[in-house]
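# Summary of the model geometry
What follows is each chain in one-letter form.
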Amino acid sequence: MLQTTLSYIWSASGIILIISVLLHSPKGDGMGGIASSGGSMFTSARSAEATLNRITWTLLITFLGLAVILSGGWLN
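Here the structure is a predicted model, which means the values were calculated and not measured.

With that settled, consider a nonpolar patch on the surface. Side chains of L2, V68, I69, W74 and L75 sit close together on the surface and give an oily, nonpolar patch of about 480 Å² of accessible area. Its place among the elements puts V68 in helix 3 (residues 45-72).

Right, here's the structure in full:
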């Protein structure tokens, strides 16, 4: 039961991690381009990029941590 739940969380974090990485722009615009268009919840392009970076790192740590736990077989 716990292993199945963690597997679903692992899969979801992987998909969301891919999306968050794709939101980063290779030239540094990324979410900043969305924030500069006005009417955004971010006050500046810098805060949008910082928020996206935080989300990406959190998802990466979650994904890798669950990968280690699930592959280690510690839940059986």
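The interhelical angle for the contact between helix 1 (residues 2-23) and helix 3, taken along N-to-C directions, is 145°, at an axis separation of 9 Å. The two elements helix 1 and helix 3 meet at a crossing, and its hand is left-handed. Of the residues in helix 3, those in contact with Q3, L6, S7, I9, W10, S13, G14, I16, L17, S20, V21 and L23 of helix 1 are L52, T56, L59, L60, T62, F63, L66, A67 and L70. The class makeup of the residues in the contact of helix 1 with helix 3 is 14 nonpolar, seven polar and no charged.

By the element assignment, S13 lies in helix 1. What makes S13 buried here is its relative accessible area of 5%. Polar side-chain contacts of S13 include one of 2.9 Å to the backbone oxygen of W10.

The rules we used
Residues numbered from 1 in each chain as written. Predicted model: local features only at pLDDT ≥ 70, side-chain atom pairs only at ≥ 80, totals over all residues. Heavy atoms only, no water. Patch = residues over 30% accessible without salt bridge, like charges linked within 9 Å, V, L, I, M, F, W, Y side chains within 5 Å. Areas by Shrake-Rupley, 256 points an atom, 1.4 Å probe, with all protein chains shown as cover. Salt bridge = Lys/Arg side-chain N within 4 Å of Asp/Glu carboxyl O. Helix = DSSP H or I, 4+ residues; strand = E, 2+ residues; numbered from the N terminus. Axes fitted to C-alpha atoms, helices over the stretch in contact; angles between N-to-C directions. Left-handed = near helix turned anticlockwise from the far one by under 90°. Contact = heavy atoms within 4.5 Å. Nonpolar A, V, L, I, M, F, W, Y, C, P; charged D, E, K, R; others polar. Buried < 20%, exposed > 50% of the residue type's maximum accessible area, 1.4 Å probe, protein only. Polar contact = N/O pair within 3.5 Å; in protein donor to acceptor, adjacent residues only side chain to side chain.

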